[in-house]
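Descriptive structure summary
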Amino acid sequence: MYETLDRSVLKSVGKSEIRPDARVKLTGEATYVSDMVLPGMLYAQVKKSPHARAKILSIDTSKAEALPGVRAVLTGSELDYRLGLYIVDKYILAKGEVRHYGEAVAAVAAESLQIARKAVDLIEVEYEVLPPVLSHMDARKEGAPLVHPDLGSYQYVKEVFTPIPNTNIANWTKLRKGDVEQGFAESEYIVEREYDNPSVQHVPMETHVAIVSWGSGDKVTIYTSAQSPFTVRNLFCNTFSLPLSNVRVVIPHVGGGFGGKAGIHIEPLTACLSKKAGGRPVKFQASREEEFSLLPCRSALTYHIKTGVSKEGKILAQKMEMYWDAGAYADYAVNVTRASGYSASGPYEIPNAWVDAYTLYTNKPYGTAYRGFGHVEFHWGIERHMDLVAKTLGMDPVAFRKLNALREGSLTLTGEKITKHTGDVVACLDAVAASIGYGKLSKEERQRQKDTGWKIGKGVAILQKAPAMPSNTATACVVKMNSDGSVCVNVGLTDIGQGSSAALAQIVAERLGFSYDKVFVKIEKDTDSDPYDWQTVASKGLLMSGNACILACEDLLRKAYLVSSHVLKACVDDLAHDGEGVYVKHDCENRIAWSRIAIGYAYPDGQAIGGPLIGVGSYIAQGLSNLDKETGQGKPALDWTFGAHGIICEVNPKTGEYLLRKIASAFDVGKVINPQLLRGQIVGGMLQGLGTAMCEGYIFDMDGHLLNPSFTDNKIPTSKDIPFEIETIAVENSQLDGPYGARGVAEHPMISVAPALGNALSQAVGVDLVHMPIRSEDVWRAMGDKTPIDNWITKSPIGSCRSDLVHTREVASKHGID
């Protein structure tokens, strides 16, 4: 919408306006659920399993119930409810069996947090410990313990997902394009390797927290730090068989989400405690340790890639096998598998492709959505693999990528044709390569190597992502004019820190011709008063809610023009407007101020026309389809956002220690709405990507105990890890159906940071890295591994080399990979 407007005519879009929530957050005035205390509120705590897998033989709650101040105690035997986004497989509290370390088996609500903690300690649980399945690669084997023996009886979304009964496979996504075997037969070289990354935590500043009151008549009010109020309401009502009108969900300011707060988690348990406590409000806030074990994480992935190329460097065929670790419950992991399956090749044109993507149950904390929705994980494999293929051919990695990248006329894995309006990944790659001086060292860099003894390396990686969402995803906006001529904007999209409230305010200001300070976007979300939005996920908010805002503005303008035509005695078609009011185009002095028609116009004799000016806009995804379950063909993508990272690092060739000198990040955003917000998104996402790349990851012992459930041993980046120089670059190829040509870029900056780092380290000191995270000791070990590259290469029948995958796995095991 309005994607062809020249930037010179835009007054609000393209400007670095200050976020409307900046002041209240900086001063501490913003209210989060963590801050809230309601009259009569109780405090909840949970008893957690110390085992990864065990039968629950008995739970004795008598001592906890007798403790003064305890108002409610619950166990799984009292709660015959199941939860699930796509596969309904999880009890509110473990029932009969615990399936992962840290799973809740009982819960308490008490007058104070201290009493609740003491009561939980008094609960006695007797277990029969069972052998857990801890590796997703073991979970697929015949005879592996079944995490969910009743999988075949669970409800699930049959149109999209394919669980396999009597196995640990929660979902199997297939994609078939062309003739893979013929493509391999025609290939000069076949390069085959496996890549791994572990589970990681979202670590939002505000941990999961909810306050729930279950009142009379089954009227439930939920205050929660969540990303999607309507999803919480819908899943809650589905679990308890309640009408939607009975449940109100309120979300104030949110202290970060990153996908971990996208579904429903602690709200049902907190509600059940409130109900048992006679309707008193109950608050449960997870500790940091509970974020790591009780609540979901990002799924681990093992990715096996086999690529066939011509001697000129064209990819002719690629077979991709993804093994996703769902943990104990399916949650979002099955949809991560689906989304990664249709995007598995990265931004490359693969004429002959075969994808099998599996979601596998294990006895570990369960996986959910995480910024990038699987793309961070599999791009690690794809972009390391592309460097390996280029090295095999003796070809420059940038040139190899440009030769095979998606471009106008290319077909994606699902058969979608790329157009000039889809975006330009090659332009992003060129931008970061130029920024880091790829392919050579400057005079200063050569001198630095000489002075320090450290080796400098430069690496690049490219990326793509489309919103992972249902084909009928919808949203709405309401724009209401106040009597002073300012406007209030209501949307269901939640601002969880990404700055959507500022971007949407700018879009509204642009369409109405108002100054930015006259537009107010409501931050707090309330299902009783705000219009519907599917979810605040998938980087779809700017495009979809932005379009809904434009449509709401146009609805308001139509109503304003109708009233003004009577007041100004002019044809509607002869009217125009600006920030002050509506006027006649050929007689600019003949005008009416917004404040005089905002809530209705009164003539001098007292008669009135019009009424409050309110515009409503609804927008739904168009032209999308479900994917064919056997071939994966269809149209899943609302839009594609392409990008690239370039990294300069320096490495101590003796110890493996490394520093980041520079990172350049470029994204084709369609049209920049707010340059400063865009830079903030890119820098924030890039740093989060560095955490994944450099230090983050769950570590379990042989019994499935999580060994690093806190920041003591599960490190995240600090200011000391920030690159010395950060450059952010916007490429603009307008999205035809985007608001003023814009497309989303919320998740994308995190994607492909890790492989860019891996490629730079490889270029610096020749290390071959297949596992994240990349700690200094991993670089040191890899420098001592002199495995020849030929061990991952097969010359096709018209060639002469062979591959040794057994050796690949031996090398991987040296780096701590199962």
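Before any of the text, the structure's been laid out above.
Calculation criteria
- Residues numbered from 1 in each chain as written.
- Predicted model: local features only at pLDDT ≥ 70, side-chain atom pairs only at ≥ 80, totals over all residues.
- Heavy atoms only, no water.
- Helix = DSSP H or I, 4+ residues; strand = E, 2+ residues; numbered from the N terminus.
- Rg over C-alpha atoms; globule rule 2.2 N^0.38 Å.
- Buried < 20%, exposed > 50% of the residue type's maximum accessible area, 1.4 Å probe, protein only.
- Contact = heavy atoms within 4.5 Å.
- Areas by Shrake-Rupley, 256 points an atom, 1.4 Å probe, with all protein chains shown as cover.
- Lys, Arg positive; Asp, Glu negative; His and termini not counted.
- Charge placed at Lys NZ, Arg CZ, Asp CG, Glu CD.
- Pairing = 2+ DSSP bridges.
- Right-handed = clockwise from strand over helix to strand, strands pointing away.
- Phe/Tyr/Trp six-rings, centres within 6.5 Å; stacked < 30°, edge-to-face > 60°.
- Lys NZ or Arg CZ within 6 Å of the ring centre and 35° of its normal.

**Re the overall build of the protein**
Within the protein, the secondary structure is distributed over 20 helices and 34 strands. Radius of gyration (C-alpha) of the protein: 28 Å, near the 28 Å computed for a compact globule of 818 residues. Reported as C-alpha extents along the three principal axes, the dimensions of the protein are approximately 95 × 75 × 55 Å. Going through the 818 residues of the protein one by one, you find that 62% of them count as buried. Residue pairs at least 24 apart in sequence account for 78% of intrachain contacts in the protein once pairs closer than 6 positions are excluded. Accessible area for the protein stands at about 29900 Å²; split by element, carbon and sulfur atoms hold 52% of it. Positive and negative side-chain charges in the protein, numbering 86 and 94 respectively, have mean positions lying 2 Å apart.

**A closer look at the pairing of strand β22 (residues 487-491)**
For β22, the buried fraction is high: four of the five residues fall into the buried class. Relative to β22, strand β21 (residues 474-481) runs antiparallel, the two sharing five bridges. In the sheet register, V478 faces β22, and the bridge partner there is N490. Following the chain from β22 across helix α14 (residues 500-512) to the adjacent parallel strand β23 (residues 519-521), one finds a crossover that is right-handed.

**Topic: the packing of aromatic side chains**
Applying the stated criterion to the full structure yields 18 aromatic pairs. The interplanar angle of 25 degrees and the centroid separation of 5.4 Å between the aromatic rings of W172 and Y358 together place this pair among those described as stacked. Taken together, the residues span a long stretch of sequence, with W172 in strand β9 (residues 169-177) and Y358 in strand β18 (residues 353-361) at a distance of 186 residues. Where Y601 meets Y603, the ring centres are 5.0 Å apart and the plane angle is 90 degrees; that geometry is what we call edge-to-face. Classification of Y601 as buried rests on a relative accessible area of 7%. Note that R140 overlies the ring of Y323, its terminal NZ or CZ placed 4.5 Å from the centroid. Taking NZ or CZ as reference, K174 lies 4.3 Å from the ring centre of W172, over its face.

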